[in-house]
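Residue strings, one per chain:
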Amino acid sequence: MEPGARTPRVNKRICVAPLHFRRLRGAEKDSSSTAAGMFTRMLKLRLLNAVAPAYFFTATVVTFILHFGFFMPTIFPSSDTSPGGSTTVPTVVFLFLMFNALGNYAMTILYPAASADEMAVPVCSPHCSDKVDAHYLLNGRHFCKLCKKVILKRDHHCFFTGNCIGNKNMRYFIMFCIYTSCTCLYSLVLGVAFLTVEYSISFENPLTFLTLLPLSTGYFFTGTISGLQLFLVLMLYVWLGIGLVCAGFCCQQVLLVARGQTWCQMQRRQLAENRSPWRSNLTDVFGSNWALGLILPVHTAQMCSEEPLKQD
């Protein structure tokens, strides 16, 4: 280039345009992948929302059949059906536990936590922290994308009941967990007694129960034990697992209720604005006739009106 010649100008728009288009394509790919991931997660949640109730009812029917078809006739072979008979007390205890578990399960569904004043789908808050099954709204509300309803004081979505747990059905959900745990642990005791009487299995050694499932599986494939015995052993572990999980979850929910806090607030690390004493918080959920609610699945709490809550 000759001295003094002018340097040709480069069109910056031509150079910047391809980079701009690449960024747009990358953003479109990210949004499409995010939408696909959200769709996949929502599909899994909807499938779980349909499978979990079916699993619960199947386990309930199997428990009934095992109790009255195998446990009672084997453990208590006496045919005495008088009020003081050998099978009367365990049968009454089992029916009482099962009645309260199923009754509170039905009350959890019959008293949903959805708001009756908001039927339209609201717009999500820009600061939404729930990305999958629910959107956090203002005024302490949530919109559940599984229930497709606005939930007042939402705690979580229970897949076994198929609806959200909130301020209206928390008391029934806690009692459902309590009696489900008691029913499972009671069935576990009867199952252990049945295996002891029917198959002469001794549970004096604590390691017997821990090694029961792997040993029974091996014996089943070698033809040593029947499929019924293996199924009973599997049910023992199912009852133990459900009983312990429900008991732990119940303790956590009672603690949150006593603090006036929900599971959603705890996940978002938001302190409860309700500074009432723990007795008052428990009364708001369980009602003044809480003793009656402990033995019967009845309505004991006076539900508050759906007045606007304080802005978060």
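As the structure is a computational prediction, the values presented were derived from the model and not from experiment.

Trainee: Just to check I follow, could you spell out the pairing of strand β2 (residues 141–144) for this structure?
Mentor: Regular strands have side chains that alternate between both faces of the sheet. Here β2 shows two buried faces, one formed by R141 and F143 and the other by H142 and C144. Bridge count for β2 against strand β3 (residues 149–152) is 4 bridges, and the pairing is antiparallel. By the bridge assignment for β3, R141 is matched with L152. From the end of β2 to the start of β3, which pair antiparallel, there are 4 residues, and K148 there has a positive phi angle of about 60°.

Trainee: How should helix α8 (residues 278–286) be read in this particular structure?
Mentor: The α-helix winds at 3.6 residues per turn, so residues separated by three or four positions along the chain end up facing the same way. For α8, every residue scored as buried is listed here: N281, L282, V285 and F286. When α8 is viewed along its axis, its buried side chains cluster within an angular range of 115° and face the same direction. Tucked into the core, α8 has its buried residues touching α3 (170–199), α6 (227–259) and α9 (290–295). Just downstream of α8, G287 is the residue with a positive phi angle, here 85°.

Trainee: Is there a simple way to explain a nonpolar patch on the surface in this structure?
Mentor: Together, F96, F99, W290, L292, L294, I295 and L296 give the surface a local cluster of nonpolar side chains, amounting to about 650 Å² of exposed area. Sorting the residues of the nonpolar patch by element identifies α2 (88–110) and α9 as the ones contributing at least two each. Checked against the element boundaries, L294 lands in helix α9.

Trainee: I tried to follow the environment of T60 on my own but got confused; where do I start?
Mentor: Note that T60 resides in helix α1 (residues 12–75). Considered as a pair, T60 and T183 are 123 residues apart in the sequence and their alpha carbons are 9.9 Å apart. Not counting residues up to four positions away in its chain, the partners in contact with T60 are M98 and L102.

Parameters and conventions
Residues numbered from 1 in each chain as written. Predicted model: local features only at pLDDT ≥ 70, side-chain atom pairs only at ≥ 80, totals over all residues. Heavy atoms only, no water. Buried < 20%, exposed > 50% of the residue type's maximum accessible area, 1.4 Å probe, protein only. Helix = DSSP H or I, 4+ residues; strand = E, 2+ residues; numbered from the N terminus. Pairing = 2+ DSSP bridges. Arc of directions from axis to C-beta. Contact = heavy atoms within 4.5 Å. Patch = residues over 30% accessible without salt bridge, like charges linked within 9 Å, V, L, I, M, F, W, Y side chains within 5 Å. Areas by Shrake-Rupley, 256 points an atom, 1.4 Å probe, with all protein chains shown as cover. Salt bridge = Lys/Arg side-chain N within 4 Å of Asp/Glu carboxyl O.

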